[in-house]
Amino acid sequence: MVRSAWLSERAQRDVWLKLESVQPGGSFKIRGALNALSVLRAEQPAVTTIVTASAGNHGAAMAIAASQLGLRLRVHLSTAAPDAKRGALLAYGAELVNAPGYDEAETGARADAAQSGAPYISPYNHPDVIAGAGTVALEMLEDEPSLTAIVVPLGGGGLLAGAALAARGHTRTVRMIGAEAEGSPVFTTALAAGAITPIVVTDTLADGLAGNLEPGSQTFALVRDHVDAVAVVAESSLETAMRGLLYRERLVTEGAGAAAVAALLQGGLGLDGGPVGVMITGRNIDASTLRRIL
């Protein structure tokens, strides 16, 4: 975790960046994947193949973890997934099953698991994935116990749910804030309706955050009960955040990875003036997209 002089000046408070973009696979997802598969291997040693759905980063993390644990992995992946993420999955040895979009990939993966008998590991709606992801917040609060708020990119909610649960055990109250892409306001819609509500997802630079929640996802209740606010991040704010992180911090980020910084730059998060932790969660972006944004 590093202090950002640029963002601290902009926000008029100390801002600390948690650099999950430098994890194996280029995102925070390795935490949940390795935790979930380690538990699965211990509890079901006869399992040889697992199934998942992914926008890219979870699949890559699962492939890394599966190779370490001697498991075969089948990933249902949207055809819209960036080439950088698709290439990583193939390089790590995953078998890919293409789907028209992320929602279809998730539906197909669950059906695949039901038919084949292979365990399905959700990218977000799985207790061991959520627990693994929550270790990001644990480390932040260990390194900087004075944090008064943590801003977290929000897609399926596994990271935010895990982080919020981890923060509950801290010695002081920490404001938990999700940053959701305007092209996929799944939690904003669900929280307003009081229940998971399907929406029409539109194209967004934050492809890693896009997609509806699976029915009955436990992350909805966890976010509803333990998160203080959800900010909707504009596409232009994502681009501004990505440019700033590269030019000012020399950090390459994908749209989803920069969503929390985008929310901070937009403002209106109800911060109290104390130090803030911001998660940088991924770097896997196509070179052509990065060139266009820069």
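The text that follows walks through the structure, step by step, so that each part is easy to find. Note that this is a predicted model, so its numbers are computed, not measured.

1. Points about the overall build of the protein
Part 1 of the reasoning: Looking only at helices and strands, the protein features 12 helices and 9 strands.
Part 2 of the reasoning: Projecting the C-alpha coordinates of the protein onto the three principal axes gives extents of approximately 55 × 45 × 40 Å.
Part 3 of the reasoning: By the burial criterion, 59% of the 294 residues in the protein qualify as buried.
Part 4 of the reasoning: A separation threshold of at least 6 residues defines the contact pool for the protein, and within that pool the share at least 24 residues apart is 72%.
Part 5 of the reasoning: Roughly 11,500 Å² of accessible area belongs to the protein as shown, and the carbon and sulfur atoms make up 51% of that amount.
Part 6 of the reasoning: Within the protein, the 28 negative side-chain charges are centred at a point lying 4 Å from the centre of the 22 positive side-chain charges.

2. Brief notes about the packing of helix H2 (residues 30–43) against helix H3 (residues 57–69)
Part 1 of the reasoning: Put simply, H2 and H3 touch, their axes get as near as 8 Å, and they point 35 degrees apart. As for how H2 packs across H3, the hand of that crossing is right-handed. Residues Ile30, Ala33, Leu34, Leu37, Ser38 and Arg41 of H2 pack against Ala61, Met62, Ile64, Ala65, Ala66, Gln68 and Leu69 of H3.
Part 2 of the reasoning: Of the residues in the contact of H2 with H3, the class split is 10 nonpolar, 2 polar and 1 charged.

3. Digging into the sheet that holds strand S7 (residues 175–181)
Part 1 of the reasoning: If you trace the 6 strands from one edge of the open sheet to the other, you get S1-S2-S9-S6-S7-S8, paired in mixed fashion. The open sheet has two edge strands with one neighbour each: strand S1 (2–3) and strand S8 (229–233).
Part 2 of the reasoning: By the bridge criterion, 5 bridges tie strand S2 (residues 15–19) to strand S9 (residues 276–280) in an arrangement that is parallel. Across the sheet, residue valine 15 finds its bridge partner in S9, namely valine 276.
Part 3 of the reasoning: Set on the sheet, helix H6 (residues 127–143) makes contact with S2, strand S6 (149–153) and S9; between it and S9 the angle comes to about 140 degrees.
Part 4 of the reasoning: In the packing of helix H10 (residues 235–249) onto the sheet, the strands contacted are S2, S8 and S9, and the crossing angle to S8 comes to about 90 degrees.

4. Remarks on empty space enclosed by the protein
Part 1 of the reasoning: The full count for this structure, using the stated rule, is 1 cavity of 30 Å³ or more.
Part 2 of the reasoning: Secondary structure elements with two or more residues in the lining of the largest cavity: H3, H6 and helix H7 (158–168).
Part 3 of the reasoning: If you tally residues by element for the lining of the largest cavity, the top one is H7, at 3 residues.
Part 4 of the reasoning: Tallied by class, residues from the lining of the largest cavity come to 14 nonpolar, 15 polar and 2 charged.

5. Thoughts on the packing of helix H8 (residues 186–193) against helix H9 (residues 218–226)
Part 1 of the reasoning: The N-to-C vectors of H8 and H9 enclose an angle of 75 degrees; their axes lie 11 Å apart at closest approach. Regarding the angle of H8 to H9, the classification is roughly perpendicular. Contact with H8, carried on its side by Phe187, Ala190 and Leu191, involves Thr219, Phe220, Val223 and Arg224 of H9 and no other residues of that element.
Part 2 of the reasoning: Residue classes in the contact of H8 with H9 are distributed as 5 nonpolar, 1 polar and 1 charged.

6. Regarding the layout of surface pockets
By rolling a water-sized probe across the atoms, one finds the places where empty space is left.
Part 1 of the reasoning: Computed from the structure, the largest pocket encloses a volume of approximately 460 Å³.
Part 2 of the reasoning: Around the largest pocket, the lining is made up of 22 residues, and of these Ala80, Asp203, Thr204, Asp207 and Ala210 lie nearest the centre.
Part 3 of the reasoning: Taken together, the residues that form the lining of the largest pocket break down as 9 nonpolar, 8 polar and 5 charged.

7. Topic: unusual backbone geometry
Part 1 of the reasoning: Notably, glutamine 12 is not glycine yet its phi reads approximately 60 degrees, a positive angle.
Part 2 of the reasoning: Along the chain, glutamine 12 falls in the loop between helix H1 (5–11) and S2.
Part 3 of the reasoning: Given a relative accessible area of 64%, glutamine 12 falls into the exposed group.
Part 4 of the reasoning: In this model, arginine 250 sits at a positive phi of 60 degrees, which is unusual for a non-glycine residue.
Part 5 of the reasoning: Tracing the backbone through its elements, the reader meets arginine 250 in the loop between H10 and helix H11 (259–266).
Part 6 of the reasoning: Its relative accessible area of 63% is what places arginine 250 among the exposed residues.

8. Some remarks on the pairing of strand S5 (residues 95–99)
Part 1 of the reasoning: Sheet topology places strand S4 (residues 72–78) next to S5; 5 bridges connect them, and they run parallel. Bridging across to S5, histidine 76 finds its partner in valine 97.
Part 2 of the reasoning: After leaving S4, the chain enters helix H4 (residues 83–91) and then returns to the sheet as S5, a path that is right-handed.

9. Notes on the sheet that holds strand S3 (residues 49–54)
Part 1 of the reasoning: A sheet is described by the order of its strands in space; here 3 strands give the open sequence S3-S4-S5, paired in parallel fashion. Sheet topology places S3 and S5 at the edges, where each strand pairs with a single neighbour. On average, each strand axis in the sheet is inclined to that of its neighbour by 20 degrees, with strand direction left out of account.

10. Describing the side chain of lysine 29
Part 1 of the reasoning: By the secondary structure assignment, lysine 29 is in the loop between S2 and H2.
Part 2 of the reasoning: One buried charged side chain, lysine 29, makes no salt bridge at all; its nearest oppositely charged neighbour is glutamate 106, positioned 9.2 Å away.
Part 3 of the reasoning: Contacts of lysine 29, omitting those with residues within four sequence positions, involve Asn57, His58, Ala61 and Pro123.

Criteria and thresholds
- Residues numbered from 1 in each chain as written.
- Predicted model: local features only at pLDDT ≥ 70, side-chain atom pairs only at ≥ 80, totals over all residues.
- Heavy atoms only, no water.
- Helix = DSSP H or I, 4+ residues; strand = E, 2+ residues; numbered from the N terminus.
- Buried < 20%, exposed > 50% of the residue type's maximum accessible area, 1.4 Å probe, protein only.
- Contact = heavy atoms within 4.5 Å.
- Areas by Shrake-Rupley, 256 points an atom, 1.4 Å probe, with all protein chains shown as cover.
- Lys, Arg positive; Asp, Glu negative; His and termini not counted.
- Charge placed at Lys NZ, Arg CZ, Asp CG, Glu CD.
- Axes fitted to C-alpha atoms, helices over the stretch in contact; angles between N-to-C directions.
- Left-handed = near helix turned anticlockwise from the far one by under 90°.
- Nonpolar A, V, L, I, M, F, W, Y, C, P; charged D, E, K, R; others polar.
- Pairing = 2+ DSSP bridges.
- 1 Å grid on protein atoms, 1.4 Å probe; cavity = no way out; pocket = protein on both sides within 12 Å on 5 of 7 lines; lining within 4 Å.
- Points joined across faces, edges and corners; volume = space filled by probe spheres on them.
- Parallel < 35°, antiparallel > 145°, perpendicular 65-115°, else oblique.
- Right-handed = clockwise from strand over helix to strand, strands pointing away.
- Salt bridge = Lys/Arg side-chain N within 4 Å of Asp/Glu carboxyl O.

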